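Structural characterization, general
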Amino acid sequence: WFHDPDHQRSGVGNISWGYLNMWTMRQHNSGPPDETIQNQNMCEIMKRHKATIIGFGEVGPHIESMLREPGVPGMSKEELLANGYDPEHHLQLPAFEYCTIRGDESSSIMIAVRKDHVEEFECVEWIKTFDGRYRTRGGSQKCAFTRMMVCRIRINGYVGYAGNTHFVMNVHLNERTA
């Protein structure tokens, strides 16, 4: 839990982490993989998730820019019903703006932190290793890589005995390496 001895801060709960591998959605679609309807819908859900820190695997610049967009308040129950949604639909939750650090590739790993909770955010280590070659079911050869990113994140509250500075590692292994 965030340590708030004077109970002055609203909207601050327990710190949480989430992880989403965008490949699981893009492999079944044609077109630009980062701009599929499924990925955009998942990004909209993730923007409304209460996680403070989210790790992503195989994400591109389009999803990163969506996460960086300003947050919006959630819809009221009346607005949800007027637009044909269930009153418990995820659009009732506010969407948050995130600060992001992503690998310099068209599709890479990324760490995102809610902007309303972060004071400092930096990448302290980025490694991409070649794990070897493998054959696909179709017989073509591909290369397997592992990507690792470590970020130092200082949030604007204390999490119990864990403090306010956290080192977060995001690792994505190729399926053949794992």
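From a predicted model like this one, the values you see are computed outputs, not experimental measurements.

A short note on the overall build of the protein chain
Looking only at helices and strands, the protein chain has four helices and nine strands in total. Written out in order from the N terminus, the α and β elements of the protein chain read β-β-α-α-β-α-α-β-β-β-β-β-β. Pairs at least 24 apart in sequence give 59% of the contacts found in the protein chain among residues at least 6 apart. A total accessible area of about 10400 Å² is found for the protein chain, and carbon and sulfur atoms account for 52% of it.

Considering the nonpolar core
Ile54, Phe56, Ile63, Leu67 and Tyr98 are the most contacted members of the largest nonpolar core, which has 14 residues in total. Those elements giving two or more residues to this core turn out to be α2 (37-47), β3 (53-59), α3 (61-68) and β5 (108-114). With 13 residues, the next largest nonpolar core counts Ile53, Val113, Val118 and Val168 among its residues.

What to know about α3
Listed as buried for α3 are Ile63, Glu64, Met66 and Leu67. The arc that holds the buried residues of α3, viewed along the axis, is 160°, so those residues lie on one side.

Comments concerning the confidence of the model for the protein chain
Mean pLDDT over the protein chain: 80, with 80% of residues reaching 70 or higher. Of all secondary-structure elements in the protein chain, the lowest mean pLDDT belongs to strand β1 (residues 2-3), at 40, while strand β4 (residues 98-102) reaches the highest, 95. Note on residues 1-13: pLDDT under 50 across the span, and 24 contacts to partners over four residues away in sequence or across chains. Per-residue pLDDT stays below 50 along residues 24-31; that stretch engages in ten contacts with residues further than four places along the chain or on separate chains.

Structural notes on the sheet that holds strand β9 (residues 165-173)
As summarised here, the arrangement of the three strands in space is β6-β7-β9, forming an open sheet in which the pairing is antiparallel. At either margin of the open sheet sits one strand with a lone partner, and together these are β6 (118-135) and β9. Averaged over all pairs of adjacent strands, the angle between strand axes in this sheet comes to 10°, irrespective of strand direction. Bridging between β6 and strand β7 (residues 141-155) involves 15 bridges; their strand directions are antiparallel. Following the sheet pairing, arginine 135 is matched in β7 by glutamine 141.

About the thresholds
- Residues numbered from 1 in each chain as written.
- Predicted model: local features only at pLDDT ≥ 70, side-chain atom pairs only at ≥ 80, totals over all residues.
- Heavy atoms only, no water.
- Helix = DSSP H or I, 4+ residues; strand = E, 2+ residues; numbered from the N terminus.
- Contact = heavy atoms within 4.5 Å.
- Areas by Shrake-Rupley, 256 points an atom, 1.4 Å probe, with all protein chains shown as cover.
- Core = buried A, V, L, I, M, F, W, Y, C linked by side-chain atoms within 4.5 Å.
- Buried < 20%, exposed > 50% of the residue type's maximum accessible area, 1.4 Å probe, protein only.
- Arc of directions from axis to C-beta.
- pLDDT = per-residue confidence, 0-100.
- Pairing = 2+ DSSP bridges.
- Axes fitted to C-alpha atoms, helices over the stretch in contact; angles between N-to-C directions.

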